Amino acid sequence: MKETEYYRISGKKEELRLSSRILEEIIQREVAHGHRILEVEAFGQHGIGGRLFKADSEEVRIRITGHSGQRTGSLGCPNTQIEIMGPASDDIGWLNAGAEITVHGNASNGAMNGAAQGKVFIGGNIGARGMTMTKQNPRFAPPELWVLGSAGDYFGEFMAGGIAVICGHEPQNSASVLGYRPFVGMVGGKAFFRGQANGYSQADAVMAPLENTDWDWLVSNIVTFLDRIGRPELFDTLSKRCEWQMLRAKTPREKMSKSKQLSMAAFRQDVWDRELGKGGLIGDLQEVEPGSIPLVTKGELRRYVPVWEHEKYKAPCQTACPTGIPVQERWHLIRNGLVEEALELGLKYTPFPATVCGNLCPSPCMASCTKNDQYMTPVNVRLLGRAGQDAVIPEPAPASGKTVAVLGAGPGGISAAWHLALKGHGVVLIDGSDKIGGKIASLIPESRIAQETLHAELDRVQELIPDIRLNQDITAKEFKRLKNEFDYLVVATGASKPRLLPVPGIEKAVSANAFLEAAKSEDATCGKRVVIIGAGNVGCDVATEASRLGAENISMIDVQKPAAFGKEREDAEAVGATFAWPCFTREITEDGVVLQDEDLMAADTVVVSIGDLPDVDFLSDTVDTRNGFIVVDGFNRTSDNCVYAIGDSVAPGLITDAVGAGKRAAQAIDSAIEGKAPEMDDLRPQIDKARVSLEYFDPTIKSYDTLDQCSGECASCGRCRDCHICVTVCPEAAIQRFETSNGGYEYRADPALCIGCGFCAGACPCGIWALVPNTPL
């Protein structure tokens, strides 16, 4: 291979060593971009060359220079060839699944440990415990380990499959080329070797004659081995049949014929407990006291029974969503090619999938994703939200004849009106502004939400709810009139009265809402220096707008640690805003903000962003308030059974909280119209994340580009993916899939076949199967 054919990757950046994880991400990225011949300069990084499945069946060749770390080629794929231009550290080819690895030098302990496929060629000696715990699936070629020299102690320990070839060329120990106590616990596979193999476990392995078929295989593959390690001149030395011997695992019958038969009690005491109990090989892993049963039982005698718990639990993303959107169900629809249905399902929960879910929401669904527990990137729900910009309105229910007035056309009010309209009730949206959308239309900077997206979704709202009355002043008299005219009222007037500081000179400051509204209408000026009192997310919006208007020095101060988080804070920091706390304002002057310690923070504009209060003066005496906010129950019902309240008029919160409250209030009103008691939307508990198996999903993904990619990588927590894995892994073939009368499906375990082993529960990606104690037992 020519030098110019290699794509070179260094394990250092700016003279600093990259971590193993970062280097692997770089290798994975370059393979995903189409590079198939790589040279990696290693500086002790682990796991180089493993898990390169993104190349599919295309061959990937990696040459490693420098010092490779442990587990080179671990979990290697059949398409991968790795060449180490020197010695190798521990666990070369660990859990190998098909890679071919060549080492031009010695390898230390654990070579080919736990391998199931692939080949490792060592151009020197290896350390202890090589070829241990290997296994072989008869559907595939066995794993192979070729060593030019000798092997260290405990070679082939618990070997359950594979082929080892120890050439014994210039061995470390002339007494034995296989070190101390080789092949202890060997149950499968075989080994070819030159020289002596003294002390091997005669209870587990036996010398076998070298048949012609064995010799033909060995001598033909020696040629390949020597070619790989660059030593073809040794063929004549290594091809003398009289020097070779072969060991194989004893069969169970051979082991039984020479051993004294034990009673179960003796076996338990003298073999099982001694080797695997407390103080034994895996005694520290024992978590429960094992019991004894006379036989492997089925039916009613099983200790445990597998139960298919499809959709019994909510996914963490759905639980965290204030609107209760079943995200995992939407990804299921997309996996099955039903994209339009997935987008329509979103509109049954929110009128703002693109504006809020896709842009403004801090995405608690993604923060709660099960993948975070394994430091994997959560599936990008924002992509799904943005795709709903042009989704079609679901078909509303037939008209009920009931009418509801929603006071306030912000996100919460629109959400309530949207869901009431979908349920067939006559809805009127009333707002004091000249346009609908509330703060998302009048205050939030365009840097956070594209106007095309916002207008598209507001147009869709107006299509469903044509009766929208703007520039309406809500007075006590008007509230009373509306209460008499409509069956129900929803108060969603938000919080528009700014909180101000009781300090001298407060009149020289501007409120955050006033500043943002003026900035959005291009009527604001702020000078070069801006001080923002209050370092929350609204203050961060002020900072980004101030920067857009020409501010160069932006300071955000607070009396406590800033509450800002997410994209808002990132955007503020990106424009150079600085955060300081604790800072207590004593006075606001023409020069800026004077703090309690008499420091002056110079400013051309001072903005106060410490929250807002609702205006509830128009409410009737039948509606209770507390500390300026409307008091509601769990269904957003006020003390007046015909009046509901949501959003910032009830308590400060996120936009998505107001959207969720609007949906909840609409459902409660719909229940009241039907004469039913209100009920929470979905009372299912959240699934235990420990039930979900993330081993099936790609841990190297750092960002998602398409809906298909997202749907494929969603773990579908609590919702069966219909993947048939449980059927495949069941050792008794006890699980079958059945079609149901409603067009769905279910999986059942046949009690006559099931032994309650729990393989189905352990293997299920989605946590659907549960292993529960058998009630009859």
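Here the structure is a predicted model, which means the values were calculated and not measured.

Undergrad: Can you help me understand the pairing of strand β25 (residues 592-595) in this one?
TA: The side chains of a regular strand alternate between both faces of the sheet. Two elements, strand β24 (residues 585-588) and β25, share three bridges in a ladder whose sense is antiparallel. Across the sheet, the residue bridging to E587 is V594, located in β25. Examined bridge by bridge, β25 and strand β26 (residues 600-602) share three bridges and lie antiparallel to one another. Looking across to β26, one finds that G592 is bridged to A602.

Undergrad: What exactly am I supposed to notice about the pairing of strand β22 (residues 553-557) here?
TA: Counting buried positions over the five residues of β22 gives four, a clear majority of the element. Inspection of the sheet shows strand β21 (residues 529-533) paired to β22 by five bridges, in the parallel sense. Considered in β22, the bridge of V530 is made with I554. Viewed along the sheet, the connection from β21 through helix α17 (residues 537-548) into β22 turns out right-handed. Pairing between β22 and strand β23 (residues 578-580): three bridges, direction parallel. Directly across from S555, in β23, lies its bridge partner T578.

Undergrad: What is the right way to read the side chain of E309 from this model?
TA: By secondary structure assignment, the location of E309 is in the loop between β14 (304-308) and α6 (316-320). Taking relative accessible area as the criterion, E309 reaches 9% and is therefore assigned buried. A distance of 3.3 Å separates a polar atom in the side chain of E309 from a polar atom in the side chain of K312. The residues touching E309, leaving out its near neighbours within four places in the chain, are R691, G718, I768 and A770.

Undergrad: Looking at this model, I keep getting lost on the sheet that holds strand β5 (residues 60-67). Mind explaining?
TA: In a beta sheet, neighbouring strands pair by backbone hydrogen bonds and run either parallel or antiparallel. Spatial strand order, β1-β4-β5-β6-β7-β8-β9-β10-β11-β13-β12: 11 strands in an open sheet with mixed pairing. Single-partner strands in this sheet number two, and they are β1 (7-10) and β12 (205-208). Between one strand axis and the next, the sheet turns by 15° as a mean value, whatever way the strands run. Lying on the sheet, helix α2 (residues 212-229) is in contact with β6 (80-84), β7 (97-103), β8 (117-122), β9 (144-147), β10 (160-166), β11 (188-194) and β13 (244-249); it crosses β9 at an angle near 65°.

Undergrad: Which parts of the structure should I look at to understand the sheet that holds strand β31 (residues 643-645)?
TA: Sheet architecture is open: five strands sit in the order β17-β16-β15-β18-β31, paired in parallel fashion. For this open sheet the edge positions go to β17 (468-469) and β31, each flanked by a neighbour on one side alone. On top of the sheet, helix α15 (residues 476-485) reaches β15 (403-407), β16 (426-430), β17, β18 (488-491) and β31; it is set at about 140° to β18, its chief contact.

Undergrad: What exactly am I supposed to notice about the packing of aromatic side chains here?
TA: Evaluation of the coordinates by the stated rule reveals 11 aromatic pairs. Ring centres of F479 and F618 lie 5.7 Å apart, and the angle between their planes is 55°; on these two criteria the pair is classed as tilted. Here F479, found in helix α15, pairs with F618, found in the loop between β28 (612-613) and β29 (625-626); they are 139 residues apart in sequence, far enough to count as distant. For the pair shown, F479 and F618 are each scored as buried. Three or more aromatic residues joined by ring pairs make a cluster, and in this case those are F121, W146, F192, W217 and F225. For the cation-ring pair, R129 lies above Y154, with the distance from its terminal atom to the ring centre recorded as 4.5 Å.

Undergrad: What is the right way to look at the pattern of salt bridges in this model?
TA: Close approach of charged atoms allows side chains of opposite charge to pair. One pass over the structure, following the stated rule, counts 47 salt bridges. Two residues, R8 and E39, come together in a salt bridge whose shortest N-O distance is 3.1 Å. Remark: E39 occurs in strand β4 (residues 37-43) and R8 occurs in strand β1; sequence separation between them is 31 residues. For R8, a relative accessible area of 44% gives the class partly exposed.

Undergrad: What exactly am I supposed to notice about a nonpolar patch on the surface here?
TA: Together, L262, F267 and W272 line one region of the surface with nonpolar side chains, adding up to about 280 Å² of accessible area. Turning to its location among the elements, L262 is positioned in the loop between α4 (252-258) and α5 (264-276). Taking relative accessible area as the criterion, L262 reaches 43% and is therefore assigned partly exposed.

Undergrad: What's the story with empty space enclosed by the protein in this structure? I'm lost.
TA: Over the atoms, a rolled probe matching the size of one water molecule traces out where space is still vacant. Enumeration according to the criterion identifies five cavities of 30 Å³ or more in this entry. The calculated volume of the largest cavity comes to roughly 150 Å³. For the largest cavity, the lining is made up of 18 residues, of which C317, C369, T370, V379 and C714 are closest to its centre. Where the lining of the largest cavity is concerned, the elements lending two or more residues are α6, α7 (327-335) and α10 (364-367). Of all the elements, α7 adds the most residues to the lining of the largest cavity, at three residues. A class-by-class count of the residues in the lining of the largest cavity yields 13 nonpolar, three polar and two charged. Empty space within the second largest cavity amounts to approximately 120 Å³.

Undergrad: Just checking my understanding: could you explain the nonpolar core for this structure?
TA: As a rule of thumb, soluble globular proteins bury nonpolar side chains together. Ranked by size, the top nonpolar core spans 73 residues in total, and within it W331, L429, I465 and V490 carry the most contacts. Among the elements that take part in this core, helix α12 (residues 411-422) stands out by supplying seven residues, more than any other. Excluding its chain neighbours within four sequence positions, the residues that come into contact with L429 are V406, G408, A409, G413, I414, A417, I465, D467, I468 and R469. L18, I166, A191 and A197 belong to the second largest nonpolar core, which has 48 residues in total.

Undergrad: Looking at this structure, I do not really get unusual backbone geometry. What am I missing?
TA: If a residue is not glycine, its phi is most likely negative; likewise, a peptide bond is most likely trans. With omega at -10°, the peptide bond leading from W581 into P582 counts as cis. Relative to the helices and strands, P582 resides in the loop between β23 and β24. With a phi close to 60°, E311 is a non-glycine residue in the positive phi region. With respect to the helices and strands, E311 occurs in the loop between β14 and α6. You can call E311 partly exposed: its relative accessible area is 37%.

Undergrad: What is the right way to read the environment of T585 from this model?
TA: For T585, the position within the fold is in strand β24. Given a relative accessible area of 12%, T585 falls into the buried group. Put simply, T585 and S693 are 108 residues apart on the chain and 52 Å apart in space, counted from C-alpha to C-alpha.

Undergrad: What is the right way to look at the packing of α12 against helix α19 (residues 655-673) in this model?
TA: If you want to describe how two helices pack, look at the angle between their axes and the distance between the axes. Where α12 contacts α19, the two axes come as close as 7 Å, and the packing angle between them is 35°. You can see that α12 and α19 cross each other, and the crossing is right-handed. Here α12 contributes P411, G412, S415, A416, H419 and L420 to the contact with α19, which in turn contributes I655, A658, V659, G662, K663, A666 and I669. Here the residues of the contact of α12 with α19 are counted per class, giving eight nonpolar, four polar and one charged.

Undergrad: How should the packing of helix α16 (residues 512-520) against α17 be read in this particular structure?
TA: The geometry of α16 relative to α17 is characterised by a closest axis approach of 10 Å and an angle of 40° between their N-to-C directions. Considering how the two elements wind past one another, α16 and α17 form a crossing that is left-handed. On the side of α16, the interface is formed by A512, F515, L516, A519 and K520, while α17 contributes V538, D541, V542, E545, A546 and R548. Each residue belonging to the contact of α16 with α17 can be placed in one class, and the counts come to seven nonpolar, no polar and four charged.

What counts, and at which threshold
Residues numbered from 1 in each chain as written. Predicted model: local features only at pLDDT ≥ 70, side-chain atom pairs only at ≥ 80, totals over all residues. Heavy atoms only, no water. Pairing = 2+ DSSP bridges. Helix = DSSP H or I, 4+ residues; strand = E, 2+ residues; numbered from the N terminus. Buried < 20%, exposed > 50% of the residue type's maximum accessible area, 1.4 Å probe, protein only. Right-handed = clockwise from strand over helix to strand, strands pointing away. Polar contact = N/O pair within 3.5 Å; in protein donor to acceptor, adjacent residues only side chain to side chain. Contact = heavy atoms within 4.5 Å. Axes fitted to C-alpha atoms, helices over the stretch in contact; angles between N-to-C directions. Phe/Tyr/Trp six-rings, centres within 6.5 Å; stacked < 30°, edge-to-face > 60°. Lys NZ or Arg CZ within 6 Å of the ring centre and 35° of its normal. Salt bridge = Lys/Arg side-chain N within 4 Å of Asp/Glu carboxyl O. Patch = residues over 30% accessible without salt bridge, like charges linked within 9 Å, V, L, I, M, F, W, Y side chains within 5 Å. Areas by Shrake-Rupley, 256 points an atom, 1.4 Å probe, with all protein chains shown as cover. 1 Å grid on protein atoms, 1.4 Å probe; cavity = no way out; pocket = protein on both sides within 12 Å on 5 of 7 lines; lining within 4 Å. Points joined across faces, edges and corners; volume = space filled by probe spheres on them. Nonpolar A, V, L, I, M, F, W, Y, C, P; charged D, E, K, R; others polar. Core = buried A, V, L, I, M, F, W, Y, C linked by side-chain atoms within 4.5 Å. Left-handed = near helix turned anticlockwise from the far one by under 90°.

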